[in-house]
Amino acid sequence: MSLVKKKIRHHVNPLKDVHMQPLDLPERWPEEGAFTQPDLPLHVDIGCARGLFCLDLAAESSGSANVLGLEIRSALAEAAAEDARRLGVANAAFLPCNANVNLEAVLLRASRCGPLQSVSIQFPDPWFKARHKKRRVVQPELVETIARHLEPGGWLFFQTDVLDLAQDARDTIRQAAAGTLRDAREDAGDWAAPKPKPLACVSTERERSCAELQRPVYRAVFEKLPAGMPAGHERR
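Residues numbered from 1 in each chain as written. Predicted model: local features only at pLDDT ≥ 70, side-chain atom pairs only at ≥ 80, totals over all residues. Heavy atoms only, no water.

- Named according to an unreviewed UniProt entry, the protein is tRNA (guanine(46)-N(7))-methyltransferase originating from Emiliania huxleyi.
- The Catalytic activity (unreviewed entry) comment attached to the protein in UniProt states, word for word, "guanosine(46) in tRNA + S-adenosyl-L-methionine = N(7)-methylguanosine(46) in tRNA + S-adenosyl-L-homocysteine". (UniProt positions renumbered as here; feature names shortened; annotations may be inferred.)

Side note on the layout of surface pockets
Next, step 1: Its boundaries defined by the atoms lining it, the largest pocket holds a volume of some 1000 Å³.
Next, step 2: If you go around the largest pocket, you meet 44 residues; those closest to its centre are Gly47, Arg73, Phe123, Pro124 and Asp125.
Next, step 3: When residues of the lining of the largest pocket are traced back to their parent elements, those giving at least two are strand 1 (42-46), helix 1 (52-60), strand 2 (66-71), helix 3 (99-110) and helix 6 (205-213).
Next, step 4: The biggest single contributor to the lining of the largest pocket is helix 3, with three residues.
Next, step 5: Of the residues in the lining of the largest pocket, the class split is 23 nonpolar, 10 polar and 11 charged. (1 Å grid on protein atoms, 1.4 Å probe; cavity = no way out; pocket = protein on both sides within 12 Å on 5 of 7 lines; lining within 4 Å. Points joined across faces, edges and corners; volume = space filled by probe spheres on them. Helix = DSSP H or I, 4+ residues; strand = E, 2+ residues; numbered from the N terminus. Nonpolar A, V, L, I, M, F, W, Y, C, P; charged D, E, K, R; others polar.)

Some remarks on the packing of helix 3 against helix 4 (residues 140-149)
Next, step 1: Where helix 3 meets helix 4, the axes come as close as 9 Å, and the angle between the chain directions of the two elements is 15°. Relative to helix 4, the element helix 3 lies roughly parallel. Considering only the axes of helix 3 and helix 4, their crossing is left-handed. Every residue of helix 4 that contacts helix 3 at Ala99, Asn100, Leu103, Glu104, Leu107 and Leu108 is listed here: Leu142, Thr145, Ile146, Arg148 and His149.
Next, step 2: When its residues are assigned to classes, the contact of helix 3 with helix 4 shows six nonpolar, three polar and two charged. (Axes fitted to C-alpha atoms, helices over the stretch in contact; angles between N-to-C directions. Parallel < 35°, antiparallel > 145°, perpendicular 65-115°, else oblique. Left-handed = near helix turned anticlockwise from the far one by under 90°. Contact = heavy atoms within 4.5 Å.)

A few points about helix 1
Given 3.6 residues per helical turn, the α-helix brings residues three or four places apart onto the same face.
Next, step 1: The complete set of buried residues in helix 1 reads Phe53, Cys54, Leu55, Leu57 and Ala58.
Next, step 2: Taken together, the buried residues of helix 1 touch strand 1, strand 2, helix 2 (74-87), strand 3 (92-96) and strand 4 (116-122). (Buried < 20%, exposed > 50% of the residue type's maximum accessible area, 1.4 Å probe, protein only.)

Some thoughts on helix 3
Next, step 1: In this model, helix 3 (12 residues) spans only 14 Å end to end at C-alpha, well below the 16 Å of a helix rising 1.5 Å per residue.
Next, step 2: If you follow the buried residues of helix 3, they end up packed against strand 1, strand 2, strand 3, strand 4 and helix 4.
Next, step 3: The backbone nitrogen of asparagine 100 has a side-chain oxygen 3.0 Å away, supplied by the residue at the start of helix 3, namely asparagine 98. (Expected span 1.5 Å × (residues − 1). Polar contact = N/O pair within 3.5 Å; in protein donor to acceptor, adjacent residues only side chain to side chain.)

Focus on the sheet that holds strand 7 (residues 218-224)
Next, step 1: In spatial order, the strands read 3-2-1-4-5-7-6; together these seven strands make up an open sheet with mixed pairing. Unpaired on one side and paired on the other, strand 3 and strand 6 (181-183) mark the two borders of the sheet. Ignoring strand direction, the axes of neighbouring strands in this sheet form an average angle of 20°.
Next, step 2: Across six bridges, the pairing between strand 4 and strand 5 (residues 150-160) is parallel. Along strand 5, the bridge assignment pairs isoleucine 121 with phenylalanine 158. (Pairing = 2+ DSSP bridges.)

Rendered as structure tokens:
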């Protein structure tokens, strides 16, 4: 793997001006050298960090799906993109951006090439202090964007090892996408939803570390419903 030489901050305030800038993307960016088969279904991993999960998933999905990693820390996204080029992973791409600013534009342009099949948000920064919750990645507008662009039957997968963050994310998704995304578990306290099948053999570094330490991981899966179908997951 390539080395990231500059120092990378673990915590990045997404509300800083430098991270609130829109990406300059071509109208059909997946066709502009991002993927060799831009019409394949797309998986988006929000907050992909160094991109290792995305590269592993792309290898598992070769010929059947494209994988896009979004990462606010540009040095990590650039290093991940370099790895994809060096390893010849033609169905993986990375964009350095704040998903809460750029996801709508990214997905709108991508939809002109192929469908959005799935989205993952894994072990995001918990921002524990109450005054910092507005910095959390799962915000209502982000959820609405995901719900709008997912194809029917597509899914959103969320996991974390922080219960408060899991509860907040689940509540936000249920409220922001009511009637559009259905929680795989009716009970809001049930965190035992199995990982979606395409992710069954792929895991993040944090996920593997939690397994080794026997630390609980809280998972939730939401499926995009056909228009007019009730979601049926009122809070219990």
